[in-house]
Amino acid sequence: MRTLLRVLSLVAALVGLLPAGAQTPAGSAVSDFDFAVDVVERAYAGYPDKTTNRGAEYGALKERLRDGIVSGRDTYDAIAEYLGWFDDSHLGTPGVRRYRPKSIRRNPDYAGRMERYAPQFTHCRVDADTYLIRFPSCDLTDAQIDEVRSAVGAYLASGCENLVVDIRGNGGGSDSAYEPLLELLYDHEGVEDAMEYRVSDLAVAHVREFAGDTERGRAKIARMERTPPGEFLAGESKTYRIRYDSVSPRPRRAALLIDGSVGSSGEQLVLEVRACSCRTTVYGQDNTLGCLDFSNCEILRFPQDTTRWMMLPTTRSCRVSEGRGIDSAGIAPDVRITLPLPETLTDNVDEWVRWVAEDLKTEN
């Protein structure tokens, strides 16, 4: 199920960027608010963790929002505030970002602080010793993934000992997109946290759609059907292994360059690189977005206004129950870059890449 986590992640990252919808008459729309509450409480994987020791606050939120809708508040704006309260970048609807504490507190606003912030896929030599692969998205077609493989081949043919993999702006997509890069950086077997389903009709439907025709998927569905709704599915491995058949002799040293827009599968790449590559150092100025603890999302249409939708994660990372969740703070770099932001980040070799390339040469 690792792939499904990434495949659906990019859409969730876009939810908060959309504007709130137009007014809908309160009489018919209150039920859409209740629909959102019902599906969150019975199926959202983050619900038990997010409401622990906050029951009174949560109850008051629902009452206030319902009263507001009755008094004429836009129902879908109220739903956005309701979902934003959970502060989960994978739980959303149009307009949610204005109510999500993390989005307000940790908005880096790169586009507003730089002349141009539009990272594009590119690969080229930085200097005699260092090569750059800029990888700003995991939402790629098969043809684009082939281009990533070609970039890896071009790097190996370059003769450069060091490599900068620049994932600034990478908001997610599919893990298959970054597989060629992970295999290149890999130098030892690693272990990462798996995901666990919170059992509900939506979770069962999710597994049935994406894995129901496999033996493993059928076995999972059978266990889910025996598990009381609302509980997390037992009997699954808490971790998975990262292992490739060989280790590439190059790069000798590598950098993974991040920023505060890196989320979801972009963050999963950071975690997996850290788990299986001793030769890679993570560089950045800001922590990553923090959009990974709850995933495997379902897109749901509201019953009263089917043009409107919300996204809801059905799984929780096993690290959350152990107190190691990453969403509240994001992932910190190993090395903090103290330079000013570059003026332009497109397909260019910018100041940060040049600085990292020099740092790799002096690293012990």
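Residues numbered from 1 in each chain as written. Predicted model: local features only at pLDDT ≥ 70, side-chain atom pairs only at ≥ 80, totals over all residues. Heavy atoms only, no water.

### Remarks on the pattern of salt bridges
All told, the structure shown has 33 salt bridges when counted by the stated rule. One salt bridge connects Arg42 with Asp201, and the closest N-O pair in it is separated by 2.4 Å. Placement of the pair is Arg42 in helix H3 (residues 26-43) and Asp201 in helix H11 (residues 201-211), with a sequence separation of 159 residues. Judged by its relative accessible area of 48%, Asp201 falls in the partly exposed class. A single network of salt bridges, built from pairs that share partners, joins Arg64, Arg73, Asp77, Glu81 and Arg98. (Salt bridge = Lys/Arg side-chain N within 4 Å of Asp/Glu carboxyl O. Helix = DSSP H or I, 4+ residues; strand = E, 2+ residues; numbered from the N terminus. Buried < 20%, exposed > 50% of the residue type's maximum accessible area, 1.4 Å probe, protein only.)

### Re the sheet that holds strand S11 (residues 309-317)
As summarised here, the arrangement of the 3 strands in space is S6-S11-S10, forming an open sheet in which the pairing is antiparallel. What marks the edges here is a single partner per strand, and that holds for strand S6 (195-197) and strand S10 (294-301). Shown here is a sheet whose adjacent strand axes are inclined to one another by a mean of 45 degrees, direction ignored. Pairing of S6 with S11, which is carried by 3 bridges, proceeds in the antiparallel orientation. For Tyr197, the partnering residue across the bridge sits in S11 and is Thr315. Strand contacts of H11: S6, S10 and S11, with the helix running at about 100 degrees to S10, the strand carrying the most contacts. (Pairing = 2+ DSSP bridges. Axes fitted to C-alpha atoms, helices over the stretch in contact; angles between N-to-C directions. Contact = heavy atoms within 4.5 Å.)

### Looking at the packing of aromatic side chains
Describing an aromatic ring pair means giving the distance of the ring centres and the angle of the ring planes. Within this structure, the stated rule accounts for 15 aromatic pairs. A centroid spacing of 5.1 Å and a plane angle of 40 degrees characterise the contact between Tyr110 and Tyr117, whose relative ring orientation is tilted. With a centroid separation of 6.2 Å and an interplanar angle of 80 degrees, the aromatic rings of Tyr283 and Trp355 are classed as edge-to-face. Here Tyr283, found in strand S9 (residues 280-284), pairs with Trp355, found in helix H14 (residues 351-362); they are 72 residues apart in sequence, far enough to count as distant. Overall, Tyr283 belongs to the buried group, its relative accessible area being 0%. (Phe/Tyr/Trp six-rings, centres within 6.5 Å; stacked < 30°, edge-to-face > 60°.)

### Concerning the packing of helix H5 (residues 55-70) against helix H6 (residues 75-84)
In contact at an axis separation of 9 Å, H5 and H6 are set at 170 degrees when each is read in the N-to-C sense. In terms of axis orientation, H5 runs roughly antiparallel to H6. Counting all contacts with H5, which are made through Tyr58, Leu61, Lys62, Arg64, Leu65 and Ile69, the residues of H6 involved are Thr75, Ala78, Glu81 and Tyr82. A breakdown of the residues in the contact of H5 with H6 according to their chemical character gives 6 nonpolar, 1 polar and 3 charged. (Parallel < 35°, antiparallel > 145°, perpendicular 65-115°, else oblique. Nonpolar A, V, L, I, M, F, W, Y, C, P; charged D, E, K, R; others polar.)

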